[in-house]
Amino acid sequence: MSAVATPMVEARGVLKHYGRSQVLKGIDLEVLPGEVMCLLGPSGSGKSTFLRCINHLERIDGGELWVDGELVGYRQHGDKLYELKESEIARKRAEIGMVFQRFNLFPHMTAIDNVALAPTRVKGVQREQALVEAREMLARVGLAERAGAYPAQLSGGQQQRVAIARALAMHPKLMLFDEPTSALDPELVGDVLEVMRRLAADGMTMVVVTHEIGFAREAGDSLVFMDDGVVVEYGPPREVLENPRQERTKAFLSRVL
Amino acid sequence: MTHGSEPVKAVPVRHPWRWVTAALVAVFAANALWSLATEARLDWDVVGEYLFSEQIVDGLMVTLMLTAVAMLMGIVLGVVLAVMWLSPNPLVSGASWFYIWLFRGTPVLVQLLFWFFLASIYPHVSIGIPFGGPELVGGSSKDLIPPIVAAIFGLGFNEGAYMAEIVRAGIGSVDEGQEEAAKALGLSRMQTMRRIVLPQAMRVIVPPTGNETISMLKTSSLVSVIAYAELLYSAQLIYARNYKTIELLVVASIWYLAFTTVLTVGQYYLERYFARGSSRYVPPSRIEYVFRNLFRHRRPASEGEA
């Protein structure tokens, strides 16, 4: 990776509050192309909120946030900021894949229709072409034979893999994972993590909010420990996990490891 | 059945109060029937004579047409208003709020009369350049708003306000994560609404819409006040001539009951259709429910005897 590459995600002093409660208190982070960054931390630490800011599901209240060299939610002209139109925001979101804790598959559509929906409706791909690609995506997550199943007929792990295929079908340049395995039965977690590992190995840029320490250690390039809206510790996963420097990181890890 | 298991044999719970209440209901019912047959001066021959008369059947057709058209208008308006209500544009959502406030806040009877008498304040209506500019099409209100249009406007616009609330509740029932997932994929607000949210809202929207249709069938009788010959007004026209008031009201009621029954059955199957996959419990129809409970305490007993 060259040192001058534009970061895929760059955050400088990002602030976010809901009413009076300050959720993000100045986040500075950088994710390089091809990097897999894992966000770790207790619930309420702001890691999911930060993830949702990246594709503008949440609007930031302060600081600056760039994705692939472009400001999130705004356009800069001279020293003035202009808010983006809804259609422009939608176009940028289409380039970022997101996987949710509770899958959020569309229950009234089959697995393959879930995957083919956005390419046809957002990118204008012909339906036949989109179905062919959707089948490939499902094969990539090991679910080619369940293409015709409705979400309710799939296990949680299968649903989450379909959700990953749905995001990949848009050929995103960045994938966001919001606790992708937290709602799964323990024996189903492995399949989903395996798909994510392969994705990481293929060079996908990924920001992953997770409690899976093993995944963070093996597949992650960097690890961020967040607590109470700030980045407490940042570094290569092994370093942070084995030799945490901050007391809060130590206390958290001693409880989850 | 697992090998060695015996079916449960138990004396069912006795329900003495059911027999007491059943006896009371039977006495009242018998008394009502007896008085109707012997004391009331009700001419059943007149009822039979007019039940299928041309004027009544024509009126019935008008009632059914009004119900269908007004409901269609109400549903379309309701969806549009509900989507407008949720718009981030405050003017658009404000317009929706105002519409619902106005049309739900005044009696439908008043609205029917209003449309009917509109010609008295606006003798001439037209489409053209606003503020008195040249007009493209126009004409006398009396010609453009005959009673049938006044009836459809009165019922349809009012229904739109109620349907808007029903659709809004339906949209609100869809999990927020659905909208988020659609947004994250880059779908626009309208695409999200049409492809993702509304199809899932149907399960919540359909049952009350069935209720509204049944209600509309009966509410359409209000149209009689603007002298439009639907079922009730047709009956009124006949009893104005022959003074067989109650008989003709019975005729009209029989038709209303017949079609609400048909609609109720239709609603039950629609509900079952939209509930599939979402719940293991399928609601029994009311008749099914009554019969199930009537015979429930007998079945285990007879099985025990066998």
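Data block above holds the structure.
Quick caveat, the model's predicted, so the values are computed rather than measured.

### Details of the overall build of chain A
So, step 1. Helix and strand content of chain A: 9 helices and 12 strands.
So, step 2. A compact globule built from 257 residues should have a C-alpha radius of gyration of about 18 Å, and chain A, at 18 Å, falls within 12% of that.
So, step 3. Looking at chain A residue by residue over its 257 residues, the buried ones come to 54%.
So, step 4. Counting contacts in chain A only where the partners sit at least 6 residues apart, residues at least 24 apart contribute 63% of the total.
So, step 5. Total accessible area on chain A is roughly 11,700 Å²; 47% of this is exposed by carbon and sulfur atoms.

### Observations regarding the overall build of chain B
So, step 1. Helix and strand content of chain B: 14 helices and 2 strands.
So, step 2. In chain B, which comprises 306 residues, the proportion classed as buried is 34%.
So, step 3. Across chain B, contacts joining residues at least 24 apart in sequence account for 74% of those joining residues at least 6 apart.
So, step 4. As presented, chain B carries roughly 19,100 Å² of accessible surface, and 67% of it is formed by carbon and sulfur atoms.

### Points about the interface of chain A and chain B
So, step 1. The interface of chain A with chain B comprises 23 residues on the first partner and 18 residues on the second.
So, step 2. Counting the surface lost from both chain A and chain B, the interface buries some 1,800 Å², and carbon and sulfur atoms represent 59% of this.
So, step 3. On the chain A side of the contact with chain B, A:F106, A:H108 and A:R121 bury the most area, a combined 28% of that side's loss.
So, step 4. Between chain A and chain B we count 1 salt bridge in total.
So, step 5. Of the charged contacts in the structure, one is a salt bridge between A:R52 and B:E180, with a shortest N-O distance of 2.6 Å.
So, step 6. There are 5 residue pairs in polar contact (both at pLDDT 80 or more) connecting chain A and chain B.
So, step 7. Of all the secondary-structure elements, those providing two or more residues to the side of chain A that touches chain B are α2 (86-93), β8 (96-99) and α3 (111-123) of chain A.
So, step 8. Ranked by the residues each element gives to the side of chain A that touches chain B, the list is headed by α3(A), at 4 residues.
So, step 9. A per-class count over the side of chain A that touches chain B returns 14 nonpolar, 3 polar and 6 charged.

### Brief notes about empty space enclosed by the protein
Residue and element names in this part refer to chain A.
So, step 1. Inspection of the entire model under this criterion finds 2 cavities of 30 Å³ or more.
So, step 2. Here the largest cavity defines a volume of roughly 150 Å³.
So, step 3. As for the largest cavity, its lining consists of 15 residues, and the residues nearest its centre are V67, L71, V72, K92 and I96.
So, step 4. The element best represented in the lining of the largest cavity is α2, accounting for 3 residues.
So, step 5. Of the residues in the lining of the largest cavity, the class split is 7 nonpolar, 3 polar and 5 charged.
So, step 6. Reported here for the second largest cavity is a volume of approximately 40 Å³.

### Details of the packing of aromatic side chains
So, step 1. This structure, assessed with the given rule, holds 13 aromatic pairs over all chains.
So, step 2. Between B:F98 and B:W101, the ring centres sit 5.7 Å apart and the planes meet at 35°, which makes this aromatic pair tilted. Taken together, the residues span about one helical turn, with B:F98 and B:W101 both in helix α4 (residues 90-105) at a distance of 3 residues.
So, step 3. Taking the relative accessible area as the measure of exposure, B:W101 reaches 52% and is therefore exposed.
So, step 4. Taking 6.3 Å as the distance between ring centres and 85° as the angle between the ring planes, the aromatic pair formed by B:F114 and B:W115 counts as edge-to-face.
So, step 5. The class for B:W115 is buried, based on a relative accessible area of 16%.
So, step 6. Between A:R166 and the ring centre of A:F106, over which it is positioned, the NZ or CZ distance is 4.5 Å.

### Description of the nonpolar core
All names here are of chain A.
So, step 1. The biggest cluster of nonpolar side chains holds 50 residues, and the ones touching the most others in it are I164, M175, F177, M196 and M206.
So, step 2. Examining the composition of this core, we find that 7 residues originate from one element, helix α6 (residues 186-201), more than from any other.
So, step 3. If sequence neighbours within four positions are ignored, M206 has contacts with E35, V36, M37, M175, F177, M196, L199, A200 and F215.

### A few points about a nonpolar patch on the surface
Residue and element names in this part refer to chain B.
So, step 1. On the surface, W17, V20, L24 and F28 cluster together into a nonpolar patch covering about 500 Å² of accessible area.
So, step 2. Position of V20 relative to the elements: it lies in helix α1 (residues 16-38).
So, step 3. Overall, the relative accessible area of 39% leaves V20 in the partly exposed class.

### Digging into the sheet that holds strand β9 (residues 174-178) of chain A
Residue and element names in this part refer to chain A.
So, step 1. Within the open sheet, the 6 strands sit side by side as β8-β9-β10-β3-β11-β12. Their pairing is mixed. Lying at the two open borders of the sheet, with one neighbouring strand each, are β8 and β12 (230-235). Looking at each pair of strands side by side, their axes are set apart by 15° on average, direction ignored.
So, step 2. Of the strand pairs in this sheet, strand β3 (residues 36-40) and strand β11 (residues 222-227) are connected by 4 bridges, and their pairing is parallel. By the bridge assignment for β11, M37 is matched with S222.

Rules and cut-offs
Position numbers for residues count from 1 along each chain, tracking the sequence in the order it is written. Following the order in which they are written, the chains are lettered starting with A and the ligands numbered starting with 1. Restriction of local features to residues with pLDDT of at least 70 applies here, the model being predicted, together with a cutoff of 80 or more for giving and counting side-chain atom pairs; totals for whole chains, interfaces and linings are based on all residues. Note that the side-chain values use all heavy atoms of the structure and ignore hydrogens as well as water. For helices the rule is a DSSP run of H or I covering at least 4 residues; for strands it is a run of E covering at least 2, with both sets numbered from the N terminus onward. The atom set for the radius of gyration is the C-alpha atoms, and the globule formula is 2.2 Å times the number of residues raised to the power 0.38. Burial status follows relative accessibility: with a 1.4 Å probe on protein chains alone, a residue under 20% of its type maximum counts as buried, one over 50% as exposed, and anything between as partly exposed. Only heavy atoms matter for contacts: two residues are in contact if any of them lie within 4.5 Å across the pair. Working definition of accessibility: Shrake-Rupley area with a 1.4 Å probe, residue cover restricted to the visible protein chains. Summed over both partners, the accessible area (1.4 Å probe) lost when two parts come together is defined as the buried area. Definition used for salt bridges: Asp or Glu carboxyl oxygen within 4 Å of a side-chain nitrogen of Lys or Arg. A 3.5 Å cut-off defines polar contacts: any pair of N or O atoms within that distance qualifies, except that in protein one atom must be a possible hydrogen donor and the other a possible acceptor, and neighbouring residues in sequence count only when both atoms are side-chain atoms. Residues are grouped as follows: Ala, Val, Leu, Ile, Met, Phe, Trp, Tyr, Cys and Pro are nonpolar; Asp, Glu, Lys and Arg are charged; all remaining types, including Gly, are polar. Points on a 1 Å grid, built from protein atoms alone, make a cavity when a 1.4 Å probe fits but cannot get out and make a pocket when they are open with protein on both sides within 12 Å along at least 5 of 7 lines; residues with an atom within 4 Å of a point are the lining residues. Grid points are joined across faces, edges and corners, and a volume is the space filled by probe spheres set on the points. For Phe, Tyr and Trp, rings pair up if their centres lie within 6.5 Å, where Trp contributes its six-membered ring, and each pair is then called stacked (planes under 30 degrees apart), edge-to-face (over 60) or tilted (otherwise). A ring is scored as having a charge over it whenever the NZ atom of a lysine or the CZ atom of an arginine sits within 6 Å of its centre and within 35 degrees of its normal. For the purposes of this section, nonpolar cores are sets of buried Ala, Val, Leu, Ile, Met, Phe, Trp, Tyr and Cys residues that join through side-chain atoms within 4.5 Å. Each patch is built from salt-bridge-free residues with over 30% relative accessible area, joining like charges within 9 Å and nonpolar side chains (Val, Leu, Ile, Met, Phe, Trp, Tyr) within 5 Å. Think of it this way: DSSP has to see at least two bridges between two strands before they count as a pair. Geometry is summarised by axes, namely lines fitted to C-alpha atoms with helices restricted to the contacting stretch, and by angles between N-to-C directions that run from 0 to 180 degrees.

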